[in-house]
Amino acid sequence: MTEKKKYNLHSVTDRVHSGLSRRYRAEKCFRRFGVCAIGLSLFFLVILFADIMHKGLPAFLQTQIKLAVFFDPELLPLENLETADFNALLKSSCRALFPGVKGRRSKKSLYKLVSDGAAYELRKQVLRNHKLIGTTQDLWLIADDELDMLMKGNIARNPTGRFNQQQLYWIEKLEQDGRLRRRFNLTFFTSGDSRDPELSGILGALSGTVLTLLITLMFSFPIGIGAAIYLEEFLKKGRFSDFLEVNINNLAAVPSIIFGLLGLGIFINFFGLPRSAPLVGGLVLTLMTLPTIIISSRAAIKAVPPSIREAALGLGASPVQVVFHHVLPLALPGMLTGTIIGMARALGETAPLLMIGMVAFIVDIPKSFNSAATVLPVQIYLWADSPERAFTERTSAAIIVLLVFLVLMNASAVYLRRKFERRW
Amino acid sequence: MNMMLKKQFYENTATESKLPDADGIRQTVGEPFLENSRISCREIDVFYGQKAAINKVSLDIGSNEVIAMIGPSGCGKSTFLRCLNRMNDTIDSCRVTGSILLDGEDINRTDVDVVLLRARVGMVFQKPNPFPKSIWENVAYGPKIHGLAPKKNDLDEIVETSLRRAGLWDEVKDRLDELGIGLSGGQQQRLCIARTIAVSPEVILMDEPCSALDPIATAKIEDLISGLREKFTIIIVTHSMQQASRISQRTAYFHLGNLVEVSTTRQLFTNPRHQLTEDYITGRFG
Ligand SMILES: Nc1ncnc2c1ncn2[C@@H]1O[C@H](COP(=O)(O)OP(=O)(O)OP(=O)(O)O)[C@@H](O)[C@H]1O
Ligand SMILES: [Mg+2]
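Residues numbered from 1 in each chain as written. Chains lettered and ligands numbered in written order. Predicted model: local features only at pLDDT ≥ 70, side-chain atom pairs only at ≥ 80, totals over all residues. Heavy atoms only, no water.

### Some words on the site of ligand 1
Residues and elements named next belong to chain B.
Next, step 1: Taken together, 14 residues are adjacent to ligand 1, and S73, K77, S78, T79 and Q126 come closest.
Next, step 2: G76 is positioned with one of its backbone polar atoms (N or O) 3.0 Å from an oxygen atom of ligand 1.
Next, step 3: With respect to ligand 1, the side chain of Q126 contributes an N or O atom lying 2.8 Å from an oxygen atom.
Next, step 4: Bound to the protein, ligand 1 loses 66% of the 630 Å² it would expose on its own.
Next, step 5: Ranked by residues supplied to the shell around ligand 1, first place goes to helix α2 (residues 77-83) with three residues.
Next, step 6: Residues of the shell around ligand 1, tallied by class, amount to four nonpolar, seven polar and three charged. (Near = heavy atom within 4 Å. Polar contact = N/O pair within 3.5 Å; in protein donor to acceptor, adjacent residues only side chain to side chain. Areas by Shrake-Rupley, 256 points an atom, 1.4 Å probe, with all protein chains shown as cover. Helix = DSSP H or I, 4+ residues; strand = E, 2+ residues; numbered from the N terminus. Nonpolar A, V, L, I, M, F, W, Y, C, P; charged D, E, K, R; others polar.)

### Let's talk about the interface of chain B and chain A
Next, step 1: The interface of chain B with chain A comprises 23 residues on the first partner and 17 residues on the second.
Next, step 2: Counting the surface lost from both chain B and chain A, the interface buries some 1700 Å², and carbon and sulfur atoms represent 64% of this.
Next, step 3: Seen at the junction of chain B and chain A, the total is one salt bridge.
Next, step 4: Among the salt bridges present, the one from E310 of chain A reaches R82 of chain B, with a minimum N-O distance of 2.8 Å.
Next, step 5: At the boundary of chain B with chain A, the tally comes to six residue pairs in polar contact (both at pLDDT 80 or more).
Next, step 6: Going through the elements one at a time, α3 (114-120), β7 (121-124), α4 (135-146) and α7 (185-197) of chain B are the ones with two or more residues in the side of chain B that touches chain A.
Next, step 7: Here the element with the most residues in the side of chain B that touches chain A is α4 of chain B; it accounts for four residues. (Contact = heavy atoms within 4.5 Å. Buried area = accessible area lost by both parts, 1.4 Å probe. Salt bridge = Lys/Arg side-chain N within 4 Å of Asp/Glu carboxyl O.)

### Comments concerning the coordination of the magnesium ion (ligand 2)
Residue and element names in this part refer to chain B.
Next, step 1: Around the magnesium ion (ligand 2), the protein contributes the donor atoms S78 (OG) and Q126 (OE1), at 1.8 to 2.3 Å from the metal centre. Of this pair, S78 sits in helix α2 while Q126 is found in the loop between β7 and α4, placing the two residues 48 residues apart along the sequence.
Next, step 2: The class of Q126 is partly exposed, set by a relative accessible area of 34%. (Donors = N, O, S within 2.8 Å, 3.2 Å for Na, K, Ca; no water. Buried < 20%, exposed > 50% of the residue type's maximum accessible area, 1.4 Å probe, protein only.)

### With respect to the side chain of E349 of chain A
All names here are of chain A.
Next, step 1: Note that E349 resides in the loop between α13 (319-347) and α14 (351-355).
Next, step 2: Of the side chains bearing the opposite charge, R345 lies closest to the buried E349, which forms no salt bridge; the N-O distance is 4.2 Å.
Next, step 3: Aside from chain neighbours lying at most four places away, what touches E349 is S256, L285, M288 and P377. (Lys, Arg positive; Asp, Glu negative; His and termini not counted.)

### As for helix α3 (residues 104-111) of chain A
Next, step 1: Looking at α3 of chain A, one finds that the buried residues are S106, S109, L110 and Y111 of chain A.
Next, step 2: On the buried face of α3 of chain A, the contacting elements are α2 (86-97) and α6 (165-176) of chain A.

### Looking at the domain arrangement of chain A
All names here are of chain A.
Next, step 1: What the domain assignment lists for chain A is domain 1 (58-185) and domain 2 (203-420).
Next, step 2: Inter-centroid distance (C-alpha atoms) of domain 1 to domain 2 is 46 Å.
Next, step 3: Each partner contributes residues to the interface: domain 1 has ten residues there, and domain 2 has seven residues.
Next, step 4: For the pair domain 1 and domain 2, the summed buried surface comes to about 700 Å²; carbon and sulfur atoms form 61% of the total. (Domains from an automatic or database assignment.)

### Topic: the pattern of salt bridges
Next, step 1: Here the structure, examined in full by the defined rule, presents 30 salt bridges over all chains.
Next, step 2: Across the pair E393 of chain A and R394 of chain A runs a salt bridge whose closest N-O atoms are separated by 3.9 Å.
Next, step 3: Residue E178 of chain B is joined to R175 of chain B by a salt bridge in which the shortest nitrogen-to-oxygen separation is 3.4 Å.
Next, step 4: A relative accessible area of 40% means that E178 of chain B is categorised as partly exposed.
Next, step 5: When salt bridges with common partners are traced through the structure, they connect D148, K152, E393 and R394 of chain A into a single cluster.

### Some thoughts on the sheet that holds strand β8 (residues 203-207) of chain B
Within a sheet, adjacent strands bond to each other through the backbone by hydrogen bonds, running parallel or antiparallel.
All names here are of chain B.
Next, step 1: Across the sheet, which stays open at both edges, the seven strands sit in the order β1-β11-β10-β4-β9-β8-β7 with mixed pairing between neighbours. Both outer strands of the open sheet, β1 (29-30) and β7, are each paired with one neighbouring strand and no more.
Next, step 2: Both strand β10 (residues 250-255) and strand β11 (residues 258-264) contribute to a ladder of six bridges, which runs antiparallel. Directly across from A252, in β11, lies its bridge partner V262.
Next, step 3: Where α7 meets the sheet, its contacts fall on β7 and β8, and the angle it forms with β7 comes to roughly 175°.
Next, step 4: Across the face of the sheet, helix α8 (residues 215-228) comes into contact with β4 (66-70), β8 and β9 (233-237) while running at roughly 145° to β9. (Pairing = 2+ DSSP bridges. Axes fitted to C-alpha atoms, helices over the stretch in contact; angles between N-to-C directions.)

### Describing the layout of surface pockets
Next, step 1: Approximately 880 Å³ is the volume found for the largest pocket.
Next, step 2: The set of elements that each furnish at least two residues to the lining of the largest pocket consists of α8 (203-234), α11 (278-302), α12 (306-314) and α13 of chain A together with α3 of chain B.
Next, step 3: Per-class residue counts for the lining of the largest pocket are 14 nonpolar, three polar and ten charged.
Next, step 4: One number sums up the size of the second largest pocket: a volume of about 680 Å³.
Next, step 5: Around the second largest pocket, the lining is made up of 26 residues, and of these E121, K124, I142, T187 and L199 of chain A lie nearest the centre.
Next, step 6: Broken down by element, the residue count for the lining of the second largest pocket peaks at five residues, all from helix α4 (residues 117-128) of chain A.
Next, step 7: In the lining of the second largest pocket, the residues fall into ten nonpolar, ten polar and six charged. (1 Å grid on protein atoms, 1.4 Å probe; cavity = no way out; pocket = protein on both sides within 12 Å on 5 of 7 lines; lining within 4 Å. Points joined across faces, edges and corners; volume = space filled by probe spheres on them.)

### Let's talk about the sheet that holds strand β3 (residues 51-61) of chain B
All names here are of chain B.
Next, step 1: Spatial strand order, β3-β2-β5-β6: four strands in an open sheet with antiparallel pairing. The sheet is open, and its two edges are formed by β3 and β6 (105-106), each paired on a single side.
Next, step 2: As judged from the two bridges shared by strand β5 (residues 94-102) and β6, these two strands associate in the antiparallel manner. When the bridges of β6 are listed, L101 appears paired with D106.

Encoded structure:
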């Protein structure tokens, strides 16, 4: 009897032992698999970032050209400065650079080196300071996008391309005289969209995005969490709740463009809200994010151990007190995660916004929830669609801005989550 | 009624064999009924879905008494306990029938205020379940929501006395801000007891409050229970028969959802009237 027992024990050890190496191997395999998976995704991420950075970073610099501007009192009559012909002023300054240039054609190709925006700049300066009139100033003015591209090496320096022999000669001359420089592209961060790439900026789309997401957050967070709490804590489980659950899960998978159509039908056609407005965009994105927030919030609520609820109920807390004192604080980090995932999706959403007219070409920076606006991804889409080489660069730059925005959003979410978690 | 049951009991025990007949365990032997009862339960059935967990349990519980519930695992002790403060309401599939009178009022009526009921009938759960909040907040939570202490000073006092009575004060007095779940299992158990008595309930339901405690802490809790008996009614589930005999005046033995026997503790442990009880207390059960 004891003999047999001993034998059995022995064989058990043996068996465990013989299986051990297999188990370790499986573990090693799994670890390697995990490392591979992470490595692969990191690899693609790095490639993506490198590509975008490579293409987009140059857009943060802009070529400027130094002109000696003579603020001609004849062109700038003090009584109606507002309507004075600053284009003429700019043109005369260009001609002053190369006095030998004759003929309409040649002059035109000379003017083409400077951006149209330079005339606005001159106007701004004069309006700010009337004393400039009658003096000659050396001013750094914004160069044309083609010149900018040439300077950045994106356009070949040969006469067969975009520039003719004459222009290339001028450019060389300007370089020799130190009249060309590259500076931080402030315009990109301070202006809205423009037909001229060198004058276009991201601020319009950025503020459109901020306004839209504010609306989305304002509506989807409280509604989503309220719905989740009601569904989890108060609604009796049964056929009706199952039906709701299925439908919410379905909604989460509905293509976003359908929400756009819905928004068009309800908010614009029925309620008569303005087209292209962040208010409508935010509402549409609210519809889209709600299922995500509800589902993740419900999961977060479900994860709160029932014993906590029992403890509170047993002490005589009312169901609402149980929810607000115990369940909600514990579920909040999870709810925030869900909200951020939903918001991040909303941030990158284009399709539904196309349906409600947020795809328009909008120069002005939106100031209110009602003004016409566009958002970052739509701006990216618009620029990516433009033929100019300089817009390609700006597309990548806009993607960088979008990514930075995303990182900031996620970081704030992580911060908030930490804060709420630390309260316990 | 009382007389009739007593008669039945004698009839049951008259046959010396003590063997339970088919319906033998359906009728409770002993003294389940009292003249002056605080709580009186009549024919309580509890179902989880289709499955019956408790069959026709009728039992009186007097004021100022400690009554112990014993019985094998899964026999429905916790389920019965949870009927008394309507905690079973929280389980969707659970259905309770029968009448439970607390001070003459049926607590199962729909118009009864459950919040008030649970403030009067406190409960210590089988598994320690402190809130993931600080120790202080754990104990202060009940008094706070019921508005028992208008000032923070009063709350501090309640917290201290409750923790002292639960025998936890000396261990935690320097770290009241720390998380309740950072305590050891036994400390958590005592914290839960402190949390319950902080509300000063009139009836306290204790579901194995000492299952995770060492003998010293157990002794403290038993002292506490004996002290509380002067004012309150205590119903305690325990797996320790020594504990039951130390602290309780009456003991109820449950078996497979039936209340088999209720007797004075001394009688039940020394001279059980039912075969099943005897098997259980002598360890022959199973
Ligand atoms: N929430 C529930 N849902 C379904 N069945 C349950 C539930 N809770 C308890 N039961 C069943 O009811 C019966 C009684 O359970 P109960 O918890 O009352 O036993 P107990 O006497 O407290 O046991 P223990 O001594 O192990 O705590 C068991 O058969 C159990 O399976
Ligand atoms: Mg139990």
